[in-house]
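# Structural features, examined
Here are the chains, one letter per residue:
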Amino acid sequence: MSLRQKGIQIAQRFWKSGVAKTVLAMLLIFFALDFFFPLRTHVSYSTLVTARDGTILHAFLSRDDKWRMYVELDEITPALREAILFKEDKYFRYHPGFNPIALLRAAFRNILTGRRTSGASTITMQTVRLLEPRQRTYGAKLIELFRALQLELHYSKDEILQLYLNLIPYGSNIEGLKSASLLYFGKPPALLSLAEITTLTIIPNRPSSLRLGVRNSLVRQERDRWLRRFREAGLFDESTIRDAQTEPLQVYRHEAPQQAPHLSRRLRAEYPNIPIIQSTLSPSTQTTVERLVQQYANRIRSYNIHNSAVLVVDNHTREVVAYVGSSDFRNTFDGGQVDGVRAVRSPGSALKPLLYGLAFDAGMITPKTKLADVPTNFSGYQPDNFDRRFNGSVTAEFALANSLNIPAVALLKEVGTPALVSTLQKAGFSAIKKQKNELGLSMILGGCGVTLEEMTRLYTGLANGGSWGELKLTSFTSPIRRPAPAPLLKSGEGRQVRDLTSPSPLFKERGPGGEVKEVSLLSPEATYLVTHTLTQITRPDLPNNFDNSYHLPRIAWKTGTSYGRRDAWSIGYNQRYTIGVWVGNFSGVGVAELSGANTATPLLFQLFNVLDYNSPTGWFQPPKGETRLAMRLICPETGDVPGEFCQNPVTDYCIMGVSRYRRCQHRKAVFTNAASTISYCVHCLPDSGFVRKSYPNLTPEVVAFYQSRHIPFEVAPPHNPACERVFGNTDQAVPQITSLNGGSEYFINPKQPAEMELSCQAANDVQTVFWYLNDKLYRRAKPTEAIFFKPQPGSLKISCADDKGRSSDIRILIKPL
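Okay, so let's go over this structure. Quick caveat: nothing in here was measured; it's all calculated off a predicted structure.

Within the protein chain, the secondary structure is distributed over 22 helices and 27 strands. Here the protein chain holds 817 residues, and 52% of them are scored as buried. Within the protein chain, residue pairs in contact and separated by at least 24 positions form 69% of the contacts whose partners lie at least 6 positions apart. Of the roughly 39100 Å² that the protein chain leaves accessible, carbon and sulfur atoms contribute 52%.

Spelled out as structure tokens, the structure:
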């Protein structure tokens, strides 16, 4: 008979004996019980927020107020594994969850003595007991055995050991080896010495009597006793044991790590079920920034300025490397627990670089395009500069570098508020998304809501060639595991990896796979022009109190000060970092000394000097490859292509195919008599005796500005009075009524009506204007002269005509109070 046939016969006899059927029935019963009564391994862990290198920044209590920190598999060192298995369960690797021999021996001793002398609990059984505490009875022991088999069925030995180390008690509210390691020795388990490992190994059996920090001498005696047993078993070499025995035990309970409190609270709220959240923060950078912010806050507190916030971003990775929500988290009186990085505030002028970039991309301006910085009425809105001064005609780069308000408002009117709002929505500005239907021209001067995070993210886009992308608050290159439903990973499944990029309800453009894509807000050419302008050193927002100005770092930066001096901003970038600084009061109280230049910029410079002093990374270069950025000759008077009367052209950047190609018309040709006392149009031009001369072609608002400041300028002579031609209205020549505001309602006291002002802006060749009230001549005056009248209740039509026959009118409604 062959061996195969003999084997079949043995199997048949075994099956007929009923043993196999009994085993099969028991297995079926076990799997049925396992299905209907699963072992619940969900554990509430303490949340740990770590830096990018794994350093623990902040630790939180678990939901049940325990210090129960999650120990990872790679933190269980060979020495720790050997020590814990030798002491608790030498046959852990070989038994199915319980040790039959130890159980029989314990049962025999208990029966023999009549009391419980030995429990014979394995690590697996102890883990079950920690998961499901019960009274120590024989019935509870049977349930414990069943649960131990379940645990062995579903998890590997390493995972069971990991779960055990996460749950073992150390007295008070400390559970788990990692919690004890950090709170008593101030270090993670991977850095523990053999003496420290032995100390933490022996305490769980006697947590009430072996109390670290209270009974250290008793703990050391017990530690040394087990070290001798390790020597006898040959578990570690002699020199290692000797060093461990001589190591002193001067331990006490430490405070849990509390760095980066604002970001840590934010991440804990966003990822409540993840025990270890690895942030992108650099521990050294975070510590440095926290120290500098607190020191600076102490300096400016005497000005009644109490709060500051800083965000530091690595431009290459868009990772946040430092996050400071307030100068002092523990200061509850001044709102230190408010997260200034996410608080909605007014940006002041800090949005202007984006506006100028949009204007560059729209071809409206180039850096040397001339803009008018003169008093201007934008349909009833009359902005003013921060210093309440006007500069006349200035270049676009001067207007941006000096943060002039009126050119910015005029530029926004040309670009269009919807275009700016749409771009800011793409850049993830959530408050602006909510306010979009209410925003007007004032938004470029701070009439909208933004956060420091949104502003820093926007400037990070400028540092990356105009490409906007989400900032990363967490790193997902390292494994981060969930504690539920399983306490750890299943064997062979690899490590769970989750994209923990900062979640946001804001705009995200996603690819076909759901990944977040970068959004181009500005072209590389326009971004370079903005950066080139923001790098200028001779600027008014250079802080007056920056003592070490010779250490000024090379950065592109922009400041902002909100209305009422409630918010001071300074945001800068170089090739390595983008740093956003906000200074003010969370209460919203304004301070006269608060300004972006003198309050926020000194801190910005200090941060760059400390974090990136003498950076070797170089500076931004013009776009390479198929770039559209080029140089061209322009007239310095307007920034347009030189025309007939342009004598000294200069060079300026332009974006080929985008920047408008317009001939300069800063001077216009005028036919006059020989004495230059009258001018002629083509209809009254005589056959002889005239000359052709050029005169400045100024806009009405510039003319009004020159006249109000008594600035002399060349004016074309009045038109030939003998000419009978009446000029038709044109949009550029029509006198514009700047006061009152058309379509508005005005309330007066009929008994004592206050006087109302009438004013206009007319062409520079206009000498006289005529004011009409309800089509009746009220007064003739000079174009720059303010006229006053006392209104009566009712509808009122106001008209203004110039001496060329051009006119405009508005309608208002006067109501009694």
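In total, this model carries 15 aromatic pairs according to the counting rule given. Residues Tyr-528 and Tyr-653 carry aromatic rings whose centres are separated by 6.0 Å and whose planes lie at 80° to one another, so their mutual orientation is edge-to-face. On the criterion of sequence distance, the pair formed by Tyr-528 in helix 20 (residues 524–534) and Tyr-653 in strand 16 (residues 650–655) is long-range, its members being 125 residues apart. Of the two residues examined, Tyr-528 and Tyr-653, each falls in the buried class. An angle of 45° between the planes, with centres 5.6 Å apart, marks the rings of Tyr-706 and Phe-713 as tilted.

Moving on, we come to helix 7 (residues 157–167). A large share of helix 7 lies buried, amounting to ten of its eleven residues. For helix 7, the complete set of buried residues consists of Lys-157, Glu-159, Ile-160, Leu-161, Gln-162, Leu-163, Tyr-164, Leu-165, Asn-166 and Leu-167. On its buried face, helix 7 is in contact with strand 3 (67–68), helix 3 (78–88), helix 5 (123–131), helix 6 (138–154), strand 4 (174–175) and helix 8 (177–185).

Another aspect to go through is the sheet that holds strand 12 (residues 556–561). If you walk across this open sheet you meet the five strands as 7-6-14-13-12, and the pairing is antiparallel. Strands with a single pairing partner mark the edges of an open sheet, and in this sheet they are strand 7 (319–324) and strand 12. Between one strand and the next, the sheet's axes are offset by a mean angle of 10°, whatever the strand orientation. Set on the sheet, helix 19 (residues 452–463) makes contact with strand 6 (307–314), strand 12, strand 13 (567–573) and strand 14 (577–584); between it and strand 14 the angle comes to about 150°. Packing against the sheet, helix 20 makes contact with strand 12 and strand 13, and its axis sits at approximately 75° to strand 12.

Moving on: the packing of helix 10 (residues 216–233) against helix 11 (residues 238–246). Running from N to C, helix 10 and helix 11 point in directions that differ by 175°, and their axes come no closer than 10 Å. One way to sum up the angle between helix 10 and helix 11 is to call them roughly antiparallel. Here Arg-220, Arg-223, Asp-224, Leu-227, Arg-228, Phe-230 and Arg-231 of helix 10 lie close against helix 11, whose contacting residues are Glu-238, Ile-241, Ala-244, Gln-245 and Thr-246. Classifying every residue of the contact of helix 10 with helix 11 gives four nonpolar, two polar and six charged.

Orientation of helix 14 (residues 352–361) relative to helix 20, taken along the N-to-C sense of each, is 135°, at an axis distance of 8 Å. Accordingly, the angle class assigned to the pair helix 14 and helix 20 is oblique. For the crossing formed where helix 14 meets helix 20, the hand is right-handed. Residue-level contacts link Pro-353, Gly-357, Phe-360 and Asp-361 of helix 14 to Ala-526, Leu-529, Val-530 and Leu-534 of helix 20. In terms of residue class, the contact of helix 14 with helix 20 is built from six nonpolar, one polar and one charged.

Here the focus is helix 3. Across the eleven residues of helix 3, eight count as buried, placing the element largely inside the fold. Listed in full, the buried residues belonging to helix 3 are Leu-80, Arg-81, Ala-83, Ile-84, Leu-85, Phe-86, Lys-87 and Glu-88. Looking at the buried side of helix 3, the elements it contacts are helix 5, helix 7, helix 8, helix 9 (194–202) and helix 10.

Counting 81 residues, the largest nonpolar core has Tyr-356, Ile-365, Phe-429, Ile-444 and Met-455 as its most contacted members. Not counting the four nearest positions on each side in its chain, Phe-429 is found in contact with Leu-351, Leu-424, Val-450, Glu-454, Met-455 and Leu-458. Counting 60 residues, the second-largest nonpolar core is a separate cluster that includes Ala-83, Phe-92, Met-125 and Ile-202.

This paragraph deals with unusual backbone geometry. Positioned with a positive phi, Asp-65 is a non-glycine residue whose angle comes to about 60°. When you line up the elements, Asp-65 lands in the loop between strand 2 (56–59) and strand 3.

Moving on, we get to the environment of Ala-83. Take Ala-83: it is sitting in helix 3. Look at Ala-83 and you get buried, because its relative accessible area is 0%. Measuring from C-alpha to C-alpha, the distance between Ala-83 and Leu-235 comes to 8.0 Å, with 152 residues separating the pair along the chain. If we ignore the near neighbours within four places in the chain, the residues touching Ala-83 are Ile-197, Thr-201, Phe-230, Leu-235 and Phe-236.

Rules used in this analysis
- Residues numbered from 1 in each chain as written.
- Predicted model: local features only at pLDDT ≥ 70, side-chain atom pairs only at ≥ 80, totals over all residues.
- Heavy atoms only, no water.
- Helix = DSSP H or I, 4+ residues; strand = E, 2+ residues; numbered from the N terminus.
- Buried < 20%, exposed > 50% of the residue type's maximum accessible area, 1.4 Å probe, protein only.
- Contact = heavy atoms within 4.5 Å.
- Areas by Shrake-Rupley, 256 points an atom, 1.4 Å probe, with all protein chains shown as cover.
- Phe/Tyr/Trp six-rings, centres within 6.5 Å; stacked < 30°, edge-to-face > 60°.
- Pairing = 2+ DSSP bridges.
- Axes fitted to C-alpha atoms, helices over the stretch in contact; angles between N-to-C directions.
- Parallel < 35°, antiparallel > 145°, perpendicular 65-115°, else oblique.
- Nonpolar A, V, L, I, M, F, W, Y, C, P; charged D, E, K, R; others polar.
- Left-handed = near helix turned anticlockwise from the far one by under 90°.
- Core = buried A, V, L, I, M, F, W, Y, C linked by side-chain atoms within 4.5 Å.

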